[in-house]
Amino acid sequence: VTKHIACINDLHTRLMPESYGRLFRLAHRAILPALGRRAAYITTVSGLSRQHLIEYGVAPAEKIVVTYNGSDHAARWDAGRSALELPSRPYVMCLGRSQYHKNAGLLLKLASQLDRIGLDLVMAGEVDRETILRHVPEMPDNLRMPGHISDDDFRKALSGALCFLFPSRIEGFGLPAVEAMTCGCPVVASTAPCLPEDPDAWIGQIVRLKDTDALRNRMIEAGLRRAQDFRWRRIAETYLELMARLDNETVSPAREARRRA
């Protein structure tokens, strides 16, 4: 074991191999267990990821520490610096990614139902016409695709959205969802593997948010409180504690004698 700490966010290459190329998957299968053997500690971003690292034999449980991610950086984003153009009618916000586990297909299946209830779908990110037409027969009239956006643009879009949709089949941490909470935007997210494929359940929740101000306000307040748990300073302190522990574990007898003198 060497005197270093390694962070492994997740095991998506094992759990959702459809999202990655063959060479990338093979590299991860070789590299991650090697890190698990050589590092003094492995950090990861959630209890779920820790469980997967243990189950797949990447590292023993006693080596793995959950640090989470921070979200307080999103509080520094400034919508006033953004020139992003947003729809004139109400909308929901999401990020479009081509990877299988990001579940862009579910978002696109929602588009026509969202249109019927008077909502646009703003999908930022790496989506294009070809990607869209793999999931739906034609381009939805209410789909808005601003492309890659800045952090300030994201803040502006979240500030005006009815809610943020986060339909991933699996996430190590789910940083965009917590960033949305930090920005005061309600989040509608999957909570179990079966839910991402149930468009009616998603539309039902969106309609409740649209029609019930009290529910939306409660979700905003709950999200803001929850986001307070994820601060980069706390994560840095966890790493400092691990480094101090590691330093104490590897101190030489001569150095220990000098300390005691």
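This write-up is about the structure you can find in this document.

1. Brief notes about the nonpolar core
Item 1. Among the nonpolar cores identified, the biggest contains 24 residues, and V92, L114, L121, M123, C163, L165 and I206 are the most heavily contacted of them.
Item 2. Among the elements that make up this core, the one with the highest residue count is helix α4 (residues 104-116) (six residues).
Item 3. Apart from the residues within four sequence positions on either side, L121 is in contact with V92, C94, L107, A111, L114, N142, L143, R144 and L165.
Item 4. Listed in part, the 18 residues of the second largest apolar core include L84, M93, F154 and F166.

2. Side note on the environment of T182
Item 1. Positionally, T182 belongs in helix α7 (residues 175-182).
Item 2. Exposure remark for T182: the relative accessible area of 16% places this residue in the buried category.
Item 3. As for T182 and A74, which are separated by 108 residues in sequence, their C-alpha atoms are 6.4 Å apart.
Item 4. Setting aside residues no more than four positions away along its own chain, T182 makes contact with S71, A74, A75, L224 and A227.
Item 5. A polar atom in the side chain of T182 sits 3.2 Å from the side chain of S71.
Item 6. One polar contact links the side chain of T182 to the main-chain carbonyl oxygen of V178, over a distance of 2.9 Å.

3. Here we look at the sheet that holds strand β1 (residues 5-7)
Item 1. Overall, parallel pairing links the three strands, which are arranged β1-β2-β3 in an open sheet. Every interior strand has two partners, whereas the edge strands, β1 and β3 (64-66), have only one. Strand-to-strand twist of the sheet, defined as the mean angle between neighbouring strand axes without regard to direction, takes the value 30 degrees.
Item 2. Here strand β2 (residues 41-44) pairs with β3 via three bridges, running parallel. Note that in β3 the partner of I42 across the bridge is I64.

4. With respect to the packing of aromatic side chains
Item 1. Applying the stated criterion across every chain, the model contains six aromatic pairs.
Item 2. Centre to centre, the rings of Y20 and F24 are 5.5 Å apart; their planes meet at 15 degrees, and the pair counts as stacked.
Item 3. Ring geometry for W77 versus F154: centroids 5.8 Å apart, planes at 45 degrees, classification tilted. Note that W77 is positioned in the loop between β3 and β4 (91-96) and F154 in helix α6 (residues 151-160), a separation of 77 residues in sequence. Assigned by exposure class, W77 and F154 land together as buried.
Item 4. Geometry around Y100 places R169 over its ring, the cationic atom sitting 4.1 Å from the centre.

Calculation notes
- Residues numbered from 1 in each chain as written.
- Predicted model: local features only at pLDDT ≥ 70, side-chain atom pairs only at ≥ 80, totals over all residues.
- Heavy atoms only, no water.
- Core = buried A, V, L, I, M, F, W, Y, C linked by side-chain atoms within 4.5 Å.
- Buried < 20%, exposed > 50% of the residue type's maximum accessible area, 1.4 Å probe, protein only.
- Helix = DSSP H or I, 4+ residues; strand = E, 2+ residues; numbered from the N terminus.
- Contact = heavy atoms within 4.5 Å.
- Polar contact = N/O pair within 3.5 Å; in protein donor to acceptor, adjacent residues only side chain to side chain.
- Pairing = 2+ DSSP bridges.
- Axes fitted to C-alpha atoms, helices over the stretch in contact; angles between N-to-C directions.
- Phe/Tyr/Trp six-rings, centres within 6.5 Å; stacked < 30°, edge-to-face > 60°.
- Lys NZ or Arg CZ within 6 Å of the ring centre and 35° of its normal.

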